[in-house]
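# Structure at a glance
The lines below spell out each chain.
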Amino acid sequence: MTTQEIRMLQSSIDQSILRRAAELTMADKLRLGADLFDDGIRWLRQIIKAEQPNLSEDQVEQEIDRRRAIKRQVDEQGFFQLYVEEIPLGEL
């Protein structure tokens, strides 16, 4: 498969995802977002417990809060920008 064919396939998949998302109600989109957040937090708890199995549940929650605070600080400083594939790097 050539690079061009892969990009066309990616574009087709993206368009399919966008069409399906457009058909969802706002309530469905909010529910899916909340579900995704809950799944992410559940995974993060498991990762923290795997990294530090001796932590209590309260300590795991404190570690999640600590990581959120770090992410908030990084976001507020504007160190990172999202990359969008369609925009050439010089135009970010």
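Residues numbered from 1 in each chain as written. Predicted model: local features only at pLDDT ≥ 70, side-chain atom pairs only at ≥ 80, totals over all residues. Heavy atoms only, no water.

Right, let's get into the overall build of the protein. A count of helices and strands for the protein gives three helices and zero strands. In sequence order, the protein lays out its α and β elements as α-α-α. A globule of 92 residues ought to have a C-alpha radius of gyration of about 12 Å, yet the protein, at 19 Å, is considerably larger. Taking the principal axes of its C-alpha atoms as reference, the protein extends roughly 50 × 35 × 30 Å. A total of 92 residues make up the protein; the buried ones form 7% of that total. For the protein, the exposed area adds up to about 8,200 Å²; of that, 57% sits on carbon and sulfur atoms. Separation of charge centres in the protein, based on 13 positive and 18 negative side chains, amounts to 2 Å. (Helix = DSSP H or I, 4+ residues; strand = E, 2+ residues; numbered from the N terminus. Rg over C-alpha atoms; globule rule 2.2 N^0.38 Å. Buried < 20%, exposed > 50% of the residue type's maximum accessible area, 1.4 Å probe, protein only. Areas by Shrake-Rupley, 256 points an atom, 1.4 Å probe, with all protein chains shown as cover. Lys, Arg positive; Asp, Glu negative; His and termini not counted. Charge placed at Lys NZ, Arg CZ, Asp CG, Glu CD.)

By the element assignment, E63 lies in helix α3 (residues 57-77). Residue E63 is classed as buried on the basis of its relative accessible area of 11%. One polar contact links E63 to R67, side chain to side chain, over a distance of 2.8 Å. (Polar contact = N/O pair within 3.5 Å; in protein donor to acceptor, adjacent residues only side chain to side chain.)

The subject of this paragraph is the packing of helix α2 (residues 26-51) against α3. Running from N to C, α2 and α3 point in directions that differ by 115°, and their axes come no closer than 10 Å. In terms of orientation, α2 and α3 fall into the roughly perpendicular class. The two elements α2 and α3 cross, and the hand of that crossing is right-handed. When α2 is examined against α3, the residues F37, I41, L44, R45, I48, K49 and E51 are found in contact with a partner set consisting of E57, V60, E61, E63, I64, R67 and R68. When its residues are assigned to classes, the contact of α2 with α3 shows six nonpolar, no polar and eight charged. (Axes fitted to C-alpha atoms, helices over the stretch in contact; angles between N-to-C directions. Parallel < 35°, antiparallel > 145°, perpendicular 65-115°, else oblique. Left-handed = near helix turned anticlockwise from the far one by under 90°. Contact = heavy atoms within 4.5 Å. Nonpolar A, V, L, I, M, F, W, Y, C, P; charged D, E, K, R; others polar.)

All right, on to the confidence of the model for the protein then. Residues of the protein with pLDDT of at least 70 account for 93%, and the chain-wide mean is 90. No element of the protein has a lower mean pLDDT than helix α1 (residues 3-23), which averages 90, and none a higher one than α2, which averages 96. (pLDDT = per-residue confidence, 0-100.)

Our focus in this paragraph is the pattern of salt bridges. Going through the model one piece at a time under the given rule, you end up with nine salt bridges. Ionic pairing is found between R31 and D28, a salt bridge with its closest N-O pair at 3.9 Å. Residue R31 and its partner D28 are both found in helix α2; the two are separated by three residues, about one turn of the helix. Residue class for R31 comes out partly exposed when judged on its relative accessible area of 45%. Among the residues examined, D28 registers a relative accessible area of 26% and is labelled partly exposed. Put simply, D39 and R42 hold a salt bridge, and the shortest N to O gap is 2.4 Å. One end of the pair, D39, and the other, R42, are both in helix α2, three residues apart, so they sit about a helical turn from each other. (Salt bridge = Lys/Arg side-chain N within 4 Å of Asp/Glu carboxyl O.)

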